[in-house]
Amino acid sequence: LDFGFNGWGLKFASNLDNQATRLLHESGAFGDIERRTIGLILEGGSLESDGCGTLLTTAECLLNPNRNPHLNRNEIEDQLQQLLGAKRILWLENGALAGDDTDAHIDTLARLCPHETILFQSCDDPEDEHYAHFAAMHQELQNFKTASGAPYRLLPLPWPQARYDEGERLPATYANFLVINGAVLVPTYADPRDQNALDQVALAYPDREIIGIDCRPLIRQHGSLHCITMQIPEGVLP
């Protein structure tokens, strides 16, 4: 499914980015699977799936008028269900990072993990500009139920120290980790709480190696580890 990309809501030129799926398909990255062009602006980082029919996303991104202004919440849900096989969609109304270009991509905030677990970015500093928003997000997560009706197991990620570049706050988050074969790569920021973040991720993925990756250079570009990755199977490209 080749969704449209408009530079995170027309913030940046995206004509080359928008050709990536077509060029990868022509290069054989997806085998003989047919490519379908979809008339919906949608970014991978805006969706979390548990692989069992539940999607987690944010209203700030998917309902933003800079993406699909002609569609309301119900219409977007219908498309996600039809195109991605979703059976239910959980919407977060709160949570966003200063310095983030994505309009609150879910992969910067909360991640669906095995065994009905959610790892989420918390903020424990009452003086921080994020505190109230992340407290409200935490309350929302506590109200979410699994497909069986049980509450999720919630694992908070520590709040990294504020980092700035030329006076602008950078979007440091531990939630932007990447799950790969046999391991989880976790953003670190030379922060005293890096190890605590690795330990929390290990609780959610006890069968995988947990590897910290210094992402200070990445957040200067207003994203982190998961933001820059694309899962392409090994050996499919020439």
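Heads up: the structure comes first, above all this text.
Asks: Is there a simple way to think about helix α5 (residues 131-143) in this case?
Replies: Structurally, the α-helix is built with 3.6 residues per turn, so residues lying three or four positions apart point the same way. In this model α5 runs 19 Å from its N-terminal to its C-terminal C-alpha over 13 residues, within 8% of the 18 Å that 1.5 Å per residue would give. When we look at burial in α5, the residues that qualify are Phe 134, Met 137, Glu 140 and Leu 141. Mapping the buried residues of α5 onto a view down its axis gives an arc of 110°, with all of them on the same face. Buried residues in α5 make contact with β5 (88-92), β6 (110-113), β7 (117-121) and β8 (153-157).

Asks: Can you walk me through the pairing of strand β13 (residues 209-214) in this structure?
Replies: Successive residues of a regular strand alternate their side chains across the two faces of the sheet. Pairing of strand β12 (residues 183-188) with β13 involves six bridges; the strand directions are parallel. Counterpart to Thr 188 in the pairing with β13 is Asp 214. Remark: the β12/helix α6 (residues 194-204)/β13 crossover connection has right-handed handedness.

Asks: I would appreciate a short explanation of the environment of Asp 101 in the present structure.
Replies: Positionally, Asp 101 belongs in the loop between β5 and β6. Setting aside anything within four residues of it in sequence, one finds Asp 101 in contact with Trp 8, Lys 11, Phe 12, Gln 221 and His 222.

Asks: Just checking my understanding: could you explain the pattern of salt bridges for this structure?
Replies: Pairs may arise between side chains of opposite charge once their charged atoms sit close together. By the definition in use, this model includes twelve salt bridges. Ionic pairing is found between Asp 103 and Lys 11, a salt bridge with its closest N-O pair at 2.6 Å. Remark: Lys 11 occurs in the loop between α1 (7-10) and α2 (20-26) and Asp 103 occurs in the loop between β5 and β6; sequence separation between them is 92 residues. Residue Asp 103 is classed as buried on the basis of its relative accessible area, which comes to 15%. Look at Lys 11 and you get partly exposed, because its relative accessible area is 34%. When the shortest N-O distance is used, the salt bridge between Arg 220 and Asp 165 registers 3.9 Å.

Asks: Explain the sheet that holds β7 here, please?
Replies: Sheet strands pair by backbone hydrogen bonding; their relative direction is either parallel or antiparallel. Strand order across the open sheet formed by three strands is β6-β7-β8, with mixed pairing between neighbours. Single-partner strands in this sheet number two, and they are β6 and β8. Within this sheet the neighbouring strands show an average axis-to-axis angle of 20°, counted without direction. α5 rests against β6, β7 and β8 of the sheet, and its axis sits at about 175° to β7.

Asks: Looking at this structure, how should I read the sheet that holds β13?
Replies: One open sheet holds the three strands; their spatial order is β11-β12-β13, and the pairing between them is mixed. Every other strand in the sheet has two partners, leaving β11 (178-180) and β13 as the edge strands with one partner each. The sheet shows a mean angle of 25° between the axes of neighbouring strands, direction not considered.

Asks: Help me understand the packing of aromatic side chains in this model?
Replies: For any pair of aromatic rings, the description rests on two quantities: the centre-to-centre distance and the angle between the ring planes. Taken as a whole and judged by the stated rule, the model has five aromatic pairs. Relative to Tyr 189, the ring of Tyr 174 has its centre 5.6 Å away and its plane inclined at 55°; by these criteria the two rings are tilted. You can see Tyr 174 sitting in the loop between β10 (168-169) and β11 and its partner Tyr 189 sitting in the loop between β12 and α6, a full 15 residues away along the chain. Across the pair, exposure class does not vary: Tyr 174 and Tyr 189 are buried alike. For the ring pair Phe 177 and Tyr 205, a centre distance of 6.1 Å and an interplane angle of 75° mean the geometry is edge-to-face. Here Phe 177 is found in the loop between β10 and β11, whereas its partner Tyr 205 is found in the loop between α6 and β13, with 28 residues between them in sequence.

Calculation rules
Residues numbered from 1 in each chain as written. Predicted model: local features only at pLDDT ≥ 70, side-chain atom pairs only at ≥ 80, totals over all residues. Heavy atoms only, no water. Helix = DSSP H or I, 4+ residues; strand = E, 2+ residues; numbered from the N terminus. Expected span 1.5 Å × (residues − 1). Buried < 20%, exposed > 50% of the residue type's maximum accessible area, 1.4 Å probe, protein only. Arc of directions from axis to C-beta. Contact = heavy atoms within 4.5 Å. Pairing = 2+ DSSP bridges. Right-handed = clockwise from strand over helix to strand, strands pointing away. Salt bridge = Lys/Arg side-chain N within 4 Å of Asp/Glu carboxyl O. Axes fitted to C-alpha atoms, helices over the stretch in contact; angles between N-to-C directions. Phe/Tyr/Trp six-rings, centres within 6.5 Å; stacked < 30°, edge-to-face > 60°.

By themselves, these figures tell us nothing about what the structure is for.
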